[in-house]
Amino acid sequence: MNLFQAINNSLDTALTSDPTAIIFGEDVAFGGVFRCTVGLQEKHGKSRVFNTPLCEQGIAGFGIGAATAGATAIAEIQFADYILPAFDQICNEAAKYRYRSGGIYDCGSLTIRAPCSAVGHGAVYHSQSPEAFFAHCPGLKVVVPRGPIKAKGLLLSCIRDKNPCIFFEPKILYRSAVEQVPVKEYTMPLSKADILVEGDDITLVGWGTQVHVLREVCHLAKDQLNVSCELIDLVTILPWDKETIAQSVKKTGRLLIAHEAPLTSGFGAEIAASIQRDCFLNLEAPIERVTGFDTPFPHMFEPFYMPDKWRCLEAVKRVVNY
């Protein structure tokens, strides 16, 4: 399967195994812009897979109410760029509902899916990576898959997790990433990072599309610099797996973090601050971040904005030669 097919399969599994599960959002009835819900209304009915008005705040608010009333609510925000009108509902209502009711009520069966990150031609309103906004909000879980297998297992885990989850899907991977995916029940643990390549000289951390960029950097660094890179996919932004990264940095003594979101207050800053504190005596060089720039996401200048393999390789050189 490719990534959108894996997501479709995961949603189908959730609807089949849980009679309270519902899917809703803009255009999901016919499959959505990226076809992630194609065929689900025909199979499960119009009362379980249905369109909403073009109102992200309403989508999130409806999902909170449905989850609180006992449904397993799966909402789609058509593009992550447009999740900001729902920010109040997600951060002030969904994330805090259990806390402010003293555990009497909760909307933990709410999952919000949203396509995120650069697609090659999306420009300012269709290429953003807003994961760091939600990482500042206790009560949420924020997850980003790197490929079809992770998408299948992590999405089903989010749907069944008893906390409201935001599931960001790198849209450029919908059709480009293809893997053998389990078609039946299949879940993966949240908040557990994956070590994809083992190495000794420097730790590379990314998530989503950036994991594939950093995998290329590992090969380039080995061939051109004779540098052994350890590659980690963070997987879950909140709560994140600090222990796995810290153990890696204690071994390698160096850390590079790469993400598409802007530099200032990007989630890489949180990782850098935490690892600097916990691994200070192990670090052989300052922690490096390779990110988007502090500008709106450009269109014609996208190749310069993106933290591509060449920018990341230059950063590796700086860190190992410090």
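Preceding block: the structure.
Worth saying up front: this structure is predicted, and the values here are computed from it rather than measured.

K.L.:
Honestly, the side chain of S117 in this entry has me stumped. Any pointers?
P.N.:
By the element assignment, S117 lies in the loop between β4 (110-116) and α6 (131-135). Apart from the residues within four sequence positions on either side, S117 is in contact with H126, S127, Q128, S129, K171 and E260.

K.L.:
Just to check I follow, could you spell out the nonpolar core for this structure?
P.N.:
Note that soluble globular proteins tend to have their nonpolar side chains buried in a common cluster. Formed by 51 residues in total, the largest nonpolar core has its most connected members in I90, F134, F168, L234, I245 and I271. With five residues, the single largest contributor to this core is helix α3 (residues 56-68). Taken together, domain 1 (3-176) and domain 2 (194-321) each give at least three residues to this core, which thus spans both. When sequence neighbours within four positions are dropped, the list of residues in contact with I271 reads V205, W207, L234, W240, I245, L255 and I257. Judged by nonpolar contacts, the second largest core, of 30 residues, contains F4, A21, I23 and C165.

K.L.:
Just to check I follow, could you spell out helix α13 (residues 309-320) for this structure?
P.N.:
In an α-helix, one full turn covers 3.6 residues, which means residues spaced three or four apart are oriented alike. In this model, α13 (12 residues) spans 16 Å end to end at C-alpha, consistent with the 16 Å of a helix rising 1.5 Å per residue. Of all the positions in α13, only C312, L313, A315, V316 and V319 are classed as buried. Looking straight down α13, one finds that the buried residues subtend no more than 160 degrees of arc, so they occupy a single side. Looking at the buried residues of α13, the elements they touch are β8 (202-206), α9 (209-225), β11 (255-262) and β12 (288-292).

K.L.:
When you look at the environment of P303 in this model, what are you seeing that I'm missing?
P.N.:
Inspection of the secondary structure puts P303 in helix α12 (residues 302-305). Judged by relative accessible area, P303 falls into the exposed class, the value being 55%. A sequence separation of 256 residues divides P303 from S47, and the C-alpha atoms of the two residues are 44 Å apart.

Reading the values: the criteria
- Residues numbered from 1 in each chain as written.
- Predicted model: local features only at pLDDT ≥ 70, side-chain atom pairs only at ≥ 80, totals over all residues.
- Heavy atoms only, no water.
- Helix = DSSP H or I, 4+ residues; strand = E, 2+ residues; numbered from the N terminus.
- Contact = heavy atoms within 4.5 Å.
- Core = buried A, V, L, I, M, F, W, Y, C linked by side-chain atoms within 4.5 Å.
- Buried < 20%, exposed > 50% of the residue type's maximum accessible area, 1.4 Å probe, protein only.
- Domains from an automatic or database assignment.
- Expected span 1.5 Å × (residues − 1).
- Arc of directions from axis to C-beta.

Everything listed is a geometric property; what it means functionally is a separate question.
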